[in-house]
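# Report on the structure
Take a look at the letters that make up each chain.
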Amino acid sequence: MNLKPKLLLAMACAVGASPIALAEGKAHWSYQGHGSAAHWAQLDESFKTCKLGRLQSPINIETRMVDRKSDAKPIGFAYTASSGEVVNSGHTIEVNLPEAGSANFGGINYKLQQFHFHTPSEERIDGKAYPLVAHLVHRSAPGDLAVVSVLFKVGRENPALKSMFDQLPGRAGEAHKLETAFDVSALLPSDRAFYAFMGSLTTPPCSEEVRWQVLKTPVELSAAQLAAFRKLYQMNARPVQPLHGRKVLLVGR
């Protein structure tokens, strides 16, 4: 069965799990070997969209091909500091935030649910992958999904990540409570221009109709912070997927 985002989130709320965690109880999937992305659709019937879908993520964004939309609204970020926990899911590090505020996409409010990381970045810009990306996962009242991607390049230490990355949970299933309330606004670049397109979850079951916003300007993290994440996950990125005629919009400069 193809799990649509609304059903996916309803299930997540019912069991207290994030969308990323819902596939954990199904066939084992991974990023290497028999369970790798090339085989996801064969591992479980509910994963078939990973192969058959026409709106799959991630994608390579070719900047010369994007459509500029001058009248589009910027993202209305309204994040607030929230308690939460840092979880090693077995596939990534995920930060669950129950009261972290919301973001407005095209006039629709989406509540921030959690964010997690991939290395290298799953989305590419003109074929280039960044060392790390954070995916900020949001849900609207009807249950639709929207993701904001924050790209990271190596440079100065990222103070917003410091306390979290200083003590990442080292084993799958391990979780740590955040020492202090976390405001996700601290992860965002000052320039909020973004690429927008329709896509999917980047992990099984690869459900589609997900609204994607990739922030154009990367932020920094230190080499030591990147190494701390890669000590746990050397590679947890799905390869880019075909566009199948989709348009990518650039909102802002």
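Residues numbered from 1 in each chain as written. Predicted model: local features only at pLDDT ≥ 70, side-chain atom pairs only at ≥ 80, totals over all residues. Heavy atoms only, no water.

A few words now on unusual backbone geometry. Here the bond from threonine 119 into proline 120 is cis, since omega is -10 degrees, no more than 30 degrees from zero. Of note, proline 120 is situated in the loop between strand S7 (108-118) and strand S8 (124-125). Following proline 204, the chain continues to proline 205 via a peptide bond in cis, the omega torsion being 10 degrees. Positive phi values are uncommon outside glycine, yet glutamate 209 reaches one of about 65 degrees. For glutamate 209, the location among the structural elements is in strand S13 (residues 208-215). (Helix = DSSP H or I, 4+ residues; strand = E, 2+ residues; numbered from the N terminus.)

A few words now on the environment of leucine 243. For leucine 243, the position within the fold is in the loop between helix H5 (223-232) and strand S15 (249-251). Judged by relative accessible area, leucine 243 falls into the partly exposed class, the value being 29%. Between the C-alpha atom of leucine 243 and that of asparagine 60, which follows or precedes it by 183 residues, the distance is 8.3 Å. Non-local contacts of leucine 243, meaning those with residues more than four positions away in its chain, are made with Arg54, Ile59 and Val248. (Buried < 20%, exposed > 50% of the residue type's maximum accessible area, 1.4 Å probe, protein only. Contact = heavy atoms within 4.5 Å.)

Judged by nonpolar contacts, the single largest core of 40 residues is most densely connected at Phe115, Phe117, Leu136 and Phe152. For phenylalanine 152, the contacting residues outside a window of four places in its chain are Phe117, Tyr130, Pro131, Leu132, Val133, Ala134, Asn158, Leu161, Leu187, Val219, Glu220 and Leu221. (Core = buried A, V, L, I, M, F, W, Y, C linked by side-chain atoms within 4.5 Å.)

For glutamine 56, the position within the fold is in the loop between helix H3 (49-52) and strand S1 (60-61). Glutamine 56 gets classed as buried once you look at its relative accessible area, which sits at 2%. Within the local environment of glutamine 56, its side chain forms a polar contact with the backbone oxygen of threonine 49, the two atoms lying 3.5 Å apart. At 2.9 Å, the side chain of glutamine 56 forms a polar contact with the side chain of glutamate 208. In this view, glutamine 56 contacts Thr49, Cys50, Ser200, Cys206, Glu208, Arg238, Gln241 and Arg246; residues no more than four positions away in its chain are not counted. (Polar contact = N/O pair within 3.5 Å; in protein donor to acceptor, adjacent residues only side chain to side chain.)

Looking now at the side chain of threonine 119. Checked against the element boundaries, threonine 119 lands in the loop between S7 and S8. The buried category is assigned to threonine 119, whose relative accessible area is 0%. Within polar-contact distance, the side chain of threonine 119 engages the backbone oxygen of proline 131 at 2.6 Å. Discounting chain neighbours no more than four positions away, the residues touching threonine 119 are Pro131, Leu132, Leu226, Phe229, Arg230, Tyr233, Gln234, Met235, Asn236 and Ala237.

Turning next to the confidence of the model for the protein. Averaged over all residues, the pLDDT of the protein equals 91, while 90% of them reach at least 70. Low pLDDT, under 50, characterises residues 1-17; the stretch is placed with 37 contacts to residues that sit more than four places away or in other chains. Contacts of residues 19-24 to residues separated by more than four positions or lying in other chains number 21 contacts, the stretch itself having pLDDT below 50. (pLDDT = per-residue confidence, 0-100.)

Our next topic: the state of the cysteines. Counted by the stated rule, this structure contains one disulfide. Put simply, cysteine 50 and cysteine 206 are joined by a disulfide, and their sulfur atoms are 2.1 Å apart. One quick way to see it: the torsion about the S-S bond of cysteine 50 and cysteine 206 is about 90 degrees, and its sign makes the bridge right-handed. Pair noted here: cysteine 50 is in helix H3 and cysteine 206 is in the loop between strand S12 (194-200) and S13, with a separation of 156 residues, a long-range link. There is no split in this pair, since cysteine 50 and cysteine 206 are both buried. (Disulfide = S-S within 2.5 Å.)

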